[in-house]
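# Residue-level structure breakdown
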Amino acid sequence: MTDSAFAFAIGPGTQDSQGNWLDVFYPQPLLAPAPGLVERVRAFASSEPLTREALAGLAATVADDPALGPLTARLRDSERPVACTLLESDAAPGSVPEAYLKLHLLSHRLVKPHGTNLEGLFGLLPNVAWTDEGPIALPELAERQLAARLAGRVLEVSCVDKFPKMTNYVVPTGVRIAHTARVRLGAYLGEGTTVMHEGFINFNAGTEGPGMIEGRVSAGVFVGAASDLGGGCSTMGTLSGGGNIIISVGRQCLLGANAGIGIPLGDRCTVEAGLFVTAGTKVTVLDSDGQPAETVKARDLAGLSDLLFRRNSLNGAVECQTNRTAIALNEALHQHN
């Protein structure tokens, strides 16, 4: 083995009564950790929680590291299970701790969507009850609810899902999120991103920032800077029938309210409100005089810039013409100090 590695992190996690990982919290994940550090921590890396003896050894090994030293010292004194995860390469995750490390890398802005191998991740993660007492394995939920009631409390179950909300693990700088449950861990939110109440950003998806998200950013979709996704609009992602086409939205684009796309957009594109453009949508391309020139499938226009997609209000045809108006975001809305 060489001393290079793809990523490294340590952090506390949660296990069920059978010792299965439910989640892991990595406060300071490292992308491409220094070779010297890799050499020192490799012996401690495991898919199993560190023993007290191993954790003490790791703490002594990295005591001189300005970031990991204080963190590991705090973990050493905790009773929580601690994961020490070293990804030797950017291979598909093979355990829950490895999957959580990759999700943290995305939300910490260390890698962008499609910037790391997530093959098999969805099937690897357990379905968990996310509560105000932390994650709980579903077979153990009823007993925990009864115990809470007998103690005079209500166990609040916020959702049942494979993915937790991002803000319980990572809060990126310079963003606004009106409804935190609508942004999953593994989302990438660039500086200046605003996610309104009805906005949603899935894992392995996100925004370059700044941008306004009032619609759905599905898994695998990346939105360029200064683009606006209007209320109720949607993007077809890698988990929702997008096929082999990677859907993306370029810079200075506008998806109108309740619009949708199943093709990637270049820069400065507009899709009018209520219009859903899939790869197979027949589109009438207009010439410089606004006259029909040819009819193509929308996939033939994938990735092109300066396009305006609209529906002809007289005959119902989907039309495309040159879009000469760049979308200008209100700068005041994206000052997230």
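The name an unreviewed UniProt entry assigns to the chain is 2,3,4,5-tetrahydropyridine-2,6-dicarboxylate N-succinyltransferase, from the organism Pseudohaliea rubra DSM 19751. Per UniProt, the chain carries the Subunit (unreviewed entry) text "Homotrimer." Regarding the chain, the relevant UniProt record gives this comment under Sequence similarities (unreviewed entry): "Belongs to the type 2 tetrahydrodipicolinate N-succinyltransferase family."

Let us now look at the environment of Tyr 100. For Tyr 100, the location among the structural elements is in helix α4 (residues 96–107). A relative accessible area of 0% means that Tyr 100 is categorised as buried. Measuring from C-alpha to C-alpha, the distance between Tyr 100 and Leu 121 comes to 9.3 Å, with 21 residues separating the pair along the chain. Residues contacting Tyr 100, with those up to four places away along its chain left out, are Leu 22, Asp 23, Val 24, Tyr 26, Leu 125, Trp 130, Lys 162, Pro 164, Tyr 169 and Leu 185.

Pairing in this open sheet of 4 strands is parallel, and the strands run β9-β12-β15-β18 from one edge to the other. Both edges of this open sheet fall to β9 (187–189) and β18 (248–249), since each of them pairs with a single strand only.

What follows deals with the state of the cysteines. Across all of its chains, the model carries 0 disulfides by this definition. Cysteine Cys 233 remains unbridged, with the sulfur of Cys 253 as its closest cysteine sulfur at 11 Å.

Here we come to the side chain of Thr 116. In this fold, Thr 116 is placed in the loop between α4 and α5 (121–124). Here Asp 90 takes part through its side chain, which lies 2.7 Å from a polar atom of the side chain of Thr 116. Dropping the residues within four chain positions of it, Thr 116 is found in contact with Phe 6, Asp 90, Lys 102 and Val 111.

Another point: the pattern of salt bridges. Per the stated rule, a full pass over the model turns up 11 salt bridges. The closest approach of N and O atoms between Asp 77 and Arg 76, which form a salt bridge, is 3.5 Å. In this structure, the salt-bridge partner of Glu 319 is Arg 310, at a minimum N-O distance of 3.1 Å. Exposure remark for Glu 319: the relative accessible area of 7% places this residue in the buried category. One network of salt bridges, in which partners are shared, links Glu 133, Arg 144 and Arg 153.

Here we come to the packing of aromatic side chains. Applying the stated criterion to the full structure yields 5 aromatic pairs. Both rings, one in Tyr 100 and one in Tyr 169, keep their centres 6.1 Å apart while their planes meet at 45°; by these two values the pair is tilted. Note that Tyr 100 is positioned in helix α4 and Tyr 169 in the loop between β7 (157–161) and β8 (176–177), a separation of 69 residues in sequence. There is no split in this pair, since Tyr 100 and Tyr 169 are both buried. Summarising the aromatic geometry, the rings of Phe 163 and Phe 203 are spaced 4.4 Å apart at their centres and angled 20° between planes, so their arrangement reads as stacked. Residue Phe 163 is located in the loop between β7 and β8, and its partner Phe 203 is located in the loop between β11 (200–201) and β12 (205–207); the two are separated by 40 residues in the primary sequence.

Sequence positions flagged by UniProt for "binding site: Mg(2+)" (unreviewed entry) are, in local numbering, Glu 198. Here Glu 198 shows up in the loop between β10 (193–195) and β11. What makes Glu 198 exposed here is its relative accessible area of 56%. Setting aside anything within four residues of it in sequence, one finds Glu 198 in contact with Arg 182, Glu 214 and Gly 215.

Okay, the nonpolar core next. Core analysis: the biggest nonpolar cluster contains 66 residues, and Tyr 100, Leu 189, Ile 201, Leu 265 and Phe 309 have the highest contact counts within it. In this view, Phe 309 contacts Ile 263, Leu 265, Thr 270, Val 271, Glu 272, Leu 275, Val 277, Val 283, Leu 301, Glu 319 and Cys 320; residues no more than four positions away in its chain are not counted. Counting 17 residues, the second-largest nonpolar core is a separate cluster that includes Leu 37, Val 38, Phe 44 and Leu 86.

The next point concerns the sheet that holds strand β5 (residues 128–131). Ordered in space as β6-β5-β7, the 3 strands form an open sheet in which the pairing is antiparallel. In this open sheet, the two strands that pair with only one neighbour each are β6 (134–137) and β7. Looking at each pair of strands side by side, their axes are set apart by 25° on average, direction ignored. Pairing between β5 and β6: 4 bridges, direction antiparallel.

Another point: helix α2 (residues 52–61). Those residues of α2 that sit buried are Leu 55, Leu 58 and Ala 59. The arc that holds every buried residue of α2, seen down its axis, measures 100°, which confines them to one face. Among the exposed residues of α2, those oriented more than 90 degrees off its buried face are Glu 53 and Ala 60. Buried residues along α2 sit against β1 (7–15), α1 (35–41), α3 (68–76) and β4 (82–87).

About the cut-offs
Residues numbered from 1 in each chain as written. Predicted model: local features only at pLDDT ≥ 70, side-chain atom pairs only at ≥ 80, totals over all residues. Heavy atoms only, no water. UniProt positions renumbered as here; feature names shortened; annotations may be inferred. Helix = DSSP H or I, 4+ residues; strand = E, 2+ residues; numbered from the N terminus. Buried < 20%, exposed > 50% of the residue type's maximum accessible area, 1.4 Å probe, protein only. Contact = heavy atoms within 4.5 Å. Pairing = 2+ DSSP bridges. Disulfide = S-S within 2.5 Å. Polar contact = N/O pair within 3.5 Å; in protein donor to acceptor, adjacent residues only side chain to side chain. Salt bridge = Lys/Arg side-chain N within 4 Å of Asp/Glu carboxyl O. Phe/Tyr/Trp six-rings, centres within 6.5 Å; stacked < 30°, edge-to-face > 60°. Core = buried A, V, L, I, M, F, W, Y, C linked by side-chain atoms within 4.5 Å. Axes fitted to C-alpha atoms, helices over the stretch in contact; angles between N-to-C directions. Arc of directions from axis to C-beta.

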